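These are the residues of each chain, in order.
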Amino acid sequence: MSHAVSTHNAVAPIKGVYRHLDCIVEGIAALKKAGFRPNMTVLSPFPRHELEDLMYEGEPSPVRWFTLVGGLFGATMAFSLASITHANWPMILPGGKPVVSIPAFTVITFEGTILWGSLLTFVAMMIFSGLPARNLPKAVEDPRFSNDCFGIVLQGLSAADAARARSILHHSGAIEVSGGEEGGHHGA
Amino acid sequence: MADLTYSSVNRDVIKPLFNPGLAYVATIVVTLAVMGWGGYCWYYQLIWGLGTAGYHPPVFWGVYITTFVFWIGIGHAGTLISAVLFLMRSRWRTGIYRAAEAMTIFAVMTAALFPAIHVGRAWQAYWLFPYPNQRQLWQNFKSPLMWDVFAVSTYFTVSTVFFFIGLVPDMAAVRDSTRGLTQKIYTIMSLGWRGTDQQWRHYMAAYGFFAALATPLVLSVHSVVSWDFAMAHTPGWHSTLFPPYFVAGAIFSGCAMVITLMLPLSKLFSLEAYIHTWHFEHLAKLCIFTGGILTLAYGTEYYIAWYSDNIYEWGTFTDRVVGKYWWVFAIMVLCNCISPLFWYFKALRTNMVGLMVISILINIGMWFERYNIIASALAHNFDPGSWVYYTPTWVEMGIMAGSFAWFFLWFLLFVKIMPSVAIAEIKESIRPPLKSEEAAAK
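Since we're looking at a predicted model, the values are computed, not measured.

Account for the overall build of chain B, naming residues and giving values.
From N to C terminus, chain B includes 17 helices and zero strands. Relative to a compact globule of 442 residues, whose C-alpha radius of gyration would be 22 Å, chain B shows 23 Å and is just as compact. Based on the C-alpha atoms only, the size of chain B along its principal axes is roughly 85 × 55 × 40 Å. Relative to its full complement of 442 residues, chain B shows a buried share of 58%. The long-range fraction of contacts in chain B, counting pairs at least 24 apart against all pairs at least 6 apart in sequence, stands at 80%. Here chain B displays about 18100 Å² of accessible surface, and carbon together with sulfur accounts for 71% of that area. Positive and negative side-chain charges in chain B, numbering 26 and 21 respectively, have mean positions lying 10 Å apart.

Let's hear about the environment of G27 of chain A: which residues, and what values?
Residues and elements named next belong to chain A. Tracing the chain through its elements places G27 in helix α1 (residues 21-33). For G27, a relative accessible area of 0% corresponds to the buried category. C-alpha separation for the pair G27 and L169, spaced 142 residues apart in sequence, amounts to 6.0 Å. In this view, G27 contacts Y18, I152, I168 and S172; residues no more than four positions away in its chain are not counted.

Explain the sheet that holds strand β1 (residues 14-18) of chain A residue by residue, including any values.
Residue and element names in this part refer to chain A. Judged by pairing direction, the sheet is antiparallel, and its four strands sit side by side in the order β2-β3-β1-β4 without closing on themselves. The two strands at the open ends of the sheet, each matched to only one other strand, are β2 (40-43) and β4 (176-179). If you compare each strand with its neighbour and ignore which way they point, the axes differ by 15° on average. Across five bridges, β1 lies against strand β3 (residues 150-154) in antiparallel orientation.

Explain the nonpolar core residue by residue, including any values.
A general trend in soluble globular proteins is that nonpolar side chains are found buried together. In this structure, I152 and L154 of chain A are the most contacted members of the largest nonpolar core, which totals 177 residues. Residue contributions to this core peak at 15 residues, all from helix α9 (residues 242-268) of chain B. Ignoring sequence-local partners within four residues, the contact set of I152 of chain A consists of I14, K15, G16, Y18, I24, G27, I28, L31, M40, T41, V42 and L169 of chain A.

So what about the interface of chain B and chain A? Which residues, and what values?
In this assembly, 56 residues from chain B lie in contact with 63 residues from chain A. Summing both partners gives a buried area of about 5300 Å² for chain B against chain A, and 69% of it is carried by carbon and sulfur. Between R201 of chain B and E59 of chain A there is a salt bridge, with its nearest N and O atoms 3.7 Å apart. Remark: the boundary between chain B and chain A carries 21 residue pairs in polar contact (both at pLDDT 80 or more). When residues in the side of chain B that touches chain A are grouped by element, the largest group, 18 residues, is from helix α8 (residues 197-230) of chain B. For the side of chain B that touches chain A, the per-class residue count stands at 32 nonpolar, 15 polar and nine charged.

Account for the pattern of salt bridges, with residues named and values stated.
Going through the model one piece at a time under the given rule, you end up with 19 salt bridges over all chains. Linking E57 of chain A and K32 of chain A is a salt bridge whose minimum nitrogen-to-oxygen distance equals 2.7 Å. Here the residue E57 of chain A occupies a position in the loop between α2 (49-56) and α3 (63-88), and K32 of chain A occupies one in helix α1, the gap between them amounting to 25 residues. Classification of E57 of chain A as exposed rests on a relative accessible area of 62%. Between R431 of chain B and E437 of chain B there is a salt bridge, with its nearest N and O atoms 2.2 Å apart. With relative accessibility at 36%, the residue E437 of chain B sits in the partly exposed group. Each member of the salt-bridge network shares a partner with another, and the members are K15, D142, R144 and E176 of chain A.

What counts and what doesn't
- Residues numbered from 1 in each chain as written.
- Chains lettered and ligands numbered in written order.
- Predicted model: local features only at pLDDT ≥ 70, side-chain atom pairs only at ≥ 80, totals over all residues.
- Heavy atoms only, no water.
- Helix = DSSP H or I, 4+ residues; strand = E, 2+ residues; numbered from the N terminus.
- Rg over C-alpha atoms; globule rule 2.2 N^0.38 Å.
- Buried < 20%, exposed > 50% of the residue type's maximum accessible area, 1.4 Å probe, protein only.
- Contact = heavy atoms within 4.5 Å.
- Areas by Shrake-Rupley, 256 points an atom, 1.4 Å probe, with all protein chains shown as cover.
- Lys, Arg positive; Asp, Glu negative; His and termini not counted.
- Charge placed at Lys NZ, Arg CZ, Asp CG, Glu CD.
- Pairing = 2+ DSSP bridges.
- Axes fitted to C-alpha atoms, helices over the stretch in contact; angles between N-to-C directions.
- Core = buried A, V, L, I, M, F, W, Y, C linked by side-chain atoms within 4.5 Å.
- Buried area = accessible area lost by both parts, 1.4 Å probe.
- Salt bridge = Lys/Arg side-chain N within 4 Å of Asp/Glu carboxyl O.
- Polar contact = N/O pair within 3.5 Å; in protein donor to acceptor, adjacent residues only side chain to side chain.
- Nonpolar A, V, L, I, M, F, W, Y, C, P; charged D, E, K, R; others polar.

Right, dumping it as structure tokens:
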């Protein structure tokens, strides 16, 4: 059963460092059960489906909508560019071939679809991932998280919740637990 | 992968960066010298005009278009390995895809020089792109040359973004292994990446979409390039066979170039634990397969030319074998059809010398294939009175040599600035440490 987490008088962010995948999986599950999901950031040097599944429970990324919209926009724009250009500047029409030709403009339309689909996918990834990242808490800036360790950072906890969270991190097998001192602030 | 650990991957892949040895600097100097010579040749052509390029009616496409198609073809393997094999979940792509992607981008950058060089007035190359202008001059979107501009520029943009996205987590790993100014530079290049769950979630979704979007590009770009030829009714060009024939040839030459580049890379930078015989063997098998498609296409072309009963078509094809360009045809067949067959012997496809020699032969053969298609068809057109024998001039050969130096220079810079092997993806393929297993082992 989950508990409500108080963010009143938040302490400094808490960081748990893990070496073992099964330990961090256990830690995330326990913290979620204790109601800490909104306060958690999980860090890993590479993607692991176990971690994503635990954190997001199969909810797909909204990036896909941007890909779709980008593709549709690109297709429309490219076909329109070719069609309007030829309609405004009609060339000699040998053999009565059409001014707006679907087969001839298919290549341009295809390229527009791929180009804009990709560009909007990139933009969406940057926006949703918060890149370029500037406002992340200092606690996530640990070189071990790009090397050989996993991590959990908890922010915005009250002193009582911080003690509970630290205990869960310890019990799940974190090799190091730091932070949680009183007088901390958001984004420290 | 059995002996690898997460930290050893960081250490091994980041170690070759930054400290250039004497041999590296010497190689850079040689490439700069050759590039300088190519630059001088281009300058000479700009001053004296396209007459210095050996063009003579009716041959106005020669070494420049040959080399353009060659480099576009080389650029195919990177996206094939990074996108197509990613979607197929092929494990053997992991060690080699980063350098193959870099090769793709540099190859397309090299190819992109040639339309500008070829048209002569390079400063007007921007006319190729649609932009509002007071003269009401607009592109002809029904021209395959215009399709090619869109296809190549889209391919370059998508490949570059795909490459850049793949690099971001690894740049963060380099950032965390460096200090001072270097660290600041890599902090910017990594975009402040920290590997949070939110970042990985959207990153992986975007990466999958990029792979899905880039996959049809692999097939489309060289198909569009082939239409530069096939849409014209020049004998020897006007064929519906061209798109699959060109795509197979592009993958064939691209994979051979990956072997040519990666073999020395893995040895010189001690990356054998990540790029090893297993990878090269798969690439060699891919070359055998695509080389087989290419051989079938060569045969089918001749069959169609004969069966069509078109004297111009058949005339061009027979001239390629017994005419003045017989030696070009012979090099093409020996290098592209015969040499990959030696890789049926496991000893040759698992041996450094066997891999290197045959991959270079394939690269040579693929350049001559494009020369065979372009020069011999134009030089032996409909009217016997216009038949000529086109040979490249020193200016064209100088610019072509310069283009190779330009390509290698970018690749050399890449291997010293960016991780040549994908750190995060290699880690994905390592069995993660589990406390439960360690406890059971005790």
